[in-house]
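# Architecture at a glance
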Amino acid sequence: MYVLGIETSCDECSAAIVEDGRNILSNVIATQIELHRPFDGVVPELASRLHTEWISQVVDAAVKQAGIKKEDIGAIAATARPGLLGSLLVGLNFAKGLASVLDVPFIGIDHIRAHLYAPQIEHPLEYPYLGVLLSGGHTVICRVDSYDSIEVLGTTVDDAIGEAFDKVAKHYGLGYPGGVMIDRLAQKGDPMAFKFSGPKMSSDYHPYDISYSGLKTAVINQLDIFSTGKPATPENIAASFQRVAVGMLIKRVEKALKDTGLKRISAGGGVAANSLVRSSLLAFEKDGYEVSFPSLKLCTDNGAMVAGLGYRYIQDGFRSDFSLSASARVSAFKKS
Ligand code: KG4
Ligand code: ZN
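Calculation notes
Residues numbered from 1 in each chain as written. Chains lettered and ligands numbered in written order. Predicted model: local features only at pLDDT ≥ 70, side-chain atom pairs only at ≥ 80, totals over all residues. Heavy atoms only, no water. 1 Å grid on protein atoms, 1.4 Å probe; cavity = no way out; pocket = protein on both sides within 12 Å on 5 of 7 lines; lining within 4 Å. Points joined across faces, edges and corners; volume = space filled by probe spheres on them. Helix = DSSP H or I, 4+ residues; strand = E, 2+ residues; numbered from the N terminus. Domains from an automatic or database assignment. Axes fitted to C-alpha atoms, helices over the stretch in contact; angles between N-to-C directions. Parallel < 35°, antiparallel > 145°, perpendicular 65-115°, else oblique. Left-handed = near helix turned anticlockwise from the far one by under 90°. Contact = heavy atoms within 4.5 Å. Nonpolar A, V, L, I, M, F, W, Y, C, P; charged D, E, K, R; others polar. Salt bridge = Lys/Arg side-chain N within 4 Å of Asp/Glu carboxyl O. Donors = N, O, S within 2.8 Å, 3.2 Å for Na, K, Ca; no water.

### Details of the layout of surface pockets
- Space inside the largest pocket adds up to approximately 1200 Å³.
- Lining the largest pocket we find 38 residues, and of these Asp-11, Ser-135, Gly-136, Gly-137 and Asp-166 sit closest to its centre.
- Secondary structure elements with two or more residues in the lining of the largest pocket: α4 (111–122), α5 (161–171), α6 (178–186) and α11 (296–299).
- A total of six residues in the lining of the largest pocket trace back to one element, the largest contributor, which is α5.
- The residue makeup of the lining of the largest pocket includes at least three contributed by each of domain 1 (2–115 + 298–335) and domain 2 (125–293).

Written as structure tokens, this is what we have:
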């Protein structure tokens, strides 16, 4: 079965055709990055306007690249939540219209679940596993028991990890998107140039929760306090910030693995493309853990993860009603 997946939750306008949930025949991603660059961040009104202009061509290109015809599409999946409301509505309504015309099943997809499902498309990982979702809007450490059954162990209590990267980069004018620029600059910097440290892990109520606002403030406003006398170059700031931001995450992942006894780890979302995140998580392999990442193209927002997850729901008999509306909020996950 060919599933069309549509993703328009933020600044990527993407459509993909995935065959039987595994075989990615096309994954067209029209990024708006250049158009938001002058503003150093995503402008919601501009994002939804561009999605409106692009969606039809992006879907046509995905169908063409897949070498099929629209009539061959067996089901349509589109991101319904969470994200920028105006942007979500463009993809969701397009999907509903096309599903209605083609008379095929339609399913609305949760963006967080799609990121967590992305690695399964390329390298299926046995359930259960520890899911680590790292994006511009969310930081979630969770136990994943199936594509639909996710128990949140910890989340960010303030800034998401990608948001912290983006805000630090914006403050120092390092370029947009911030995470990518910091990753690049950090390769040439000294990670010990500034002695930033993360907050102590709380051993009480939610030990896997994570806070980035203190680190962000230290990097932006308190360079002097944490200086070791090394020059405050963009490279040194980026490397020192990245060391601590990723280190905080890894500590919580380590504790979650120990406490849950899970033996497999899977990461997804834009920040899972970060080189230090990847090498730090892969280091768990030497302790016998199985670690799985999506390829870089499936880390950031894309239609293939939506089509892949959509296929699973459709196969299990799930359908969304055409009355389904978009929502900026995360759907209810179970928090332990
Ligand atoms: O998953 P995503 O494409 O969109 C959301 O759902 O938010 O993630 C975007 C985030 C941005 O904050 C961006 O700066 C960050 O992912 N990002 C990175 C890297 N590539 C993208 N952060 C750190 N290192 C990277 N290489
Ligand atoms: Zn995303």
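Past the structure itself, the notes keep going.
### Some thoughts on the packing of helix α2 (residues 44–66) against helix α3 (residues 85–102)
- Two elements in contact, α2 and α3, have axes whose closest approach is 7 Å; the angle formed by their N-to-C orientations is 25 degrees. Between α2 and α3, the angle is such that the two are roughly parallel. Considering only the axes of α2 and α3, their crossing is right-handed. Facing α2, whose interface residues are Pro-44, Ala-47, Ser-48, His-51, Thr-52, Ile-55, Ser-56 and Val-59, α3 presents Gly-86, Ser-87, Val-90, Phe-94 and Leu-98.
- Here the residues of the contact of α2 with α3 sort into seven nonpolar, six polar and no charged.

### Quick notes on the pattern of salt bridges
- Applying the stated rule across the entire model yields 10 salt bridges.
- We note a salt bridge from Arg-113 to Asp-148, for which the minimum N-O separation is 3.5 Å. Linking Arg-113 in helix α4 with Asp-148 in the loop between β7 (139–144) and β8 (150–155), this pair joins segments that are 35 residues apart in sequence.
- The residue Asp-190 makes a salt bridge to Lys-230 at a minimum N-O spacing of 2.9 Å. Here Asp-190 is found in the loop between α6 and α7 (213–221), whereas its partner Lys-230 is found in the loop between α8 (223–226) and α9 (234–260), with 40 residues between them in sequence.

### Some remarks on the environment of Leu-130
- Structurally, Leu-130 is set in strand β6 (residues 129–134).
- A sequence separation of 132 residues divides Leu-130 from Leu-262, and the C-alpha atoms of the two residues are 6.5 Å apart.

### Quick word on the coordination of the zinc ion (ligand 2)
- Coordination of the zinc ion (ligand 2) by the protein comes from His-111 (NE2), His-115 (NE2) and Asp-301 (OD), over a distance range of 2.0 to 2.1 Å.
- All donors of the zinc ion (ligand 2) belong to a single chain; written as a sequence motif, their spacing is H-x3-H-x185-D. One end of the pair, His-111, is in helix α4; the other, Asp-301, is in the loop between α11 and α12 (303–315), with 190 residues separating them in the sequence.

### So, the packing of α5 against α7
- Here α5 crosses α7 at 10 degrees, and the two axes come no closer than 10 Å. Taken as axis vectors, α5 and α7 run roughly parallel relative to one another. Seen from α5, the contacting residues are Lys-167, Val-168 and His-171; seen from α7, they are Lys-216, Val-219 and Ile-220.
- Of the residues that constitute the contact of α5 with α7, the class distribution is three nonpolar, one polar and two charged.

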